[in-house]
Amino acid sequence: MEKYYLDKDLDTIRPYLRCATPWTTAFIDPQGNVSNCIAYKIGNISENDFWEIWNNEKAQYFRKNLSECGNFGICAKCCNFYKNNFLYAKNSRLNLSGKEVILSGELNYILPSDTIAFILDKTKSTELETYVFPKEIHSKEMLEEINKEHTIVGFASDICL
């Protein structure tokens, strides 16, 4: 709690974590204003369709800047940053038990959880590169079923920071 209120350096508070709110959360105020980050208006629901707003130029510009520049100073004091608690995979790459893997698609954020397994993406993996996609495992039976059809490369708990 003390670090949250007094520490000015975000990286000492939560090293390796990046904000995923602009990709995962929408805020709609009573006037219909839509934000993908606290107080950053990207549109109004009474003027445009939600998905139009969510993927508009202003929303994409904000996400691009956050991806390229890292967290903004204000992120250190935002409750959503702490609530989401995502690990950021730079350029979709993770070090998983000492082996570098690449996340399939545009995904750069992983929730560090013991229930997330990384499954080999056979459609993209090559001899030189290992592509994976995350899958949340909810039960022992689900894990056994996945093991029949897929190769589990590792778990989120195996990520080396």
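Note: the structure precedes this text.
Overview of the structure. Just so you know, these numbers come straight off a predicted model, no measurement behind them.

Here we look at the packing of aromatic side chains
And step 1. In total, this model carries three aromatic pairs according to the counting rule given.
And step 2. Look at Phe50 and Trp51: their rings are 5.0 Å apart centre to centre, the planes differ by 80 degrees, and that puts the pair in the edge-to-face class.
And step 3. On the basis of an interplanar angle of 15 degrees and a centroid distance of 5.8 Å, the ring pair of Phe50 and Trp54 is categorised as stacked. Here Phe50 pairs with Trp54, and both are found in helix H4 (residues 50–54), just four residues apart, close to one helical turn.
And step 4. Given the relative accessible area of 10%, Trp54 is considered buried.
And step 5. These aromatic residues form a ring-pair network of at least three members: Phe50, Trp51 and Trp54.
And step 6. Across from the ring centre of Tyr40, 5.3 Å away, lies the NZ or CZ of Lys58, which sits over that ring.
And step 7. We note Arg63 situated over the ring of Trp54; from NZ or CZ to the ring centre the distance is 4.5 Å.

Digging into the sheet that holds strand S4 (residues 40–44)
And step 1. With antiparallel pairing, three strands are arranged side by side in an open sheet as S2-S3-S4. Single-partner strands in this sheet number two, and they are strand S2 (27–28) and S4.
And step 2. In this structure, strand S3 (residues 33–37) lies alongside S4, joined through four bridges in antiparallel fashion. The residue bridging Cys37 from the neighbouring strand is Tyr40, located in S4.

A short note on the sheet that holds strand S7 (residues 99–103)
And step 1. As summarised here, the arrangement of the five strands in space is S6-S7-S10-S9-S11, forming an open sheet in which the pairing is mixed. The sheet is open, and its two borders are formed by strand S6 (93–96) and strand S11 (152–155), each paired with just one other strand. On average, each strand axis in the sheet is tilted by 45 degrees relative to the strand beside it, whichever way the strands run.
And step 2. Where S6 meets S7, four bridges bridge the pair, whose relative direction is antiparallel.

Considerations on the nonpolar core
And step 1. Leu94, Leu96, Val101, Leu103, Ile116, Phe118, Val132, Ala156 and Ile159 together form the largest nonpolar core, which totals nine residues.
And step 2. Listed by contribution, the elements that provide at least two residues to this core are S6, S7 and strand S9 (116–120).
And step 3. Residue contacts for Val132: discarding those within four places in its chain leaves Val101, Ile102, Leu103, Ser104, Phe118, Ile119, Leu120, Asp121 and Val153.

A short note on the environment of Gly70
And step 1. Structurally, the position occupied by Gly70 is in the loop between helix H5 (57–69) and helix H6 (79–84).
And step 2. A relative accessible area of 14% means that Gly70 is categorised as buried.
And step 3. Considering only alpha carbons, one finds Gly70 and Cys19, 51 residues apart in sequence, at a separation of 8.4 Å.

Some details on the pairing of S7
And step 1. Count of turn residues in the S6/S7 antiparallel hairpin: two residues, of which Ser97 carries a positive phi of about 50 degrees.
And step 2. Bridge count between S7 and strand S10 (residues 131–136): two bridges; the pairing is parallel. Looking across to S10, one finds that Leu103 is bridged to Val132.

Rules of the game
Residues numbered from 1 in each chain as written. Predicted model: local features only at pLDDT ≥ 70, side-chain atom pairs only at ≥ 80, totals over all residues. Heavy atoms only, no water. Phe/Tyr/Trp six-rings, centres within 6.5 Å; stacked < 30°, edge-to-face > 60°. Helix = DSSP H or I, 4+ residues; strand = E, 2+ residues; numbered from the N terminus. Buried < 20%, exposed > 50% of the residue type's maximum accessible area, 1.4 Å probe, protein only. Lys NZ or Arg CZ within 6 Å of the ring centre and 35° of its normal. Pairing = 2+ DSSP bridges. Axes fitted to C-alpha atoms, helices over the stretch in contact; angles between N-to-C directions. Core = buried A, V, L, I, M, F, W, Y, C linked by side-chain atoms within 4.5 Å. Contact = heavy atoms within 4.5 Å.

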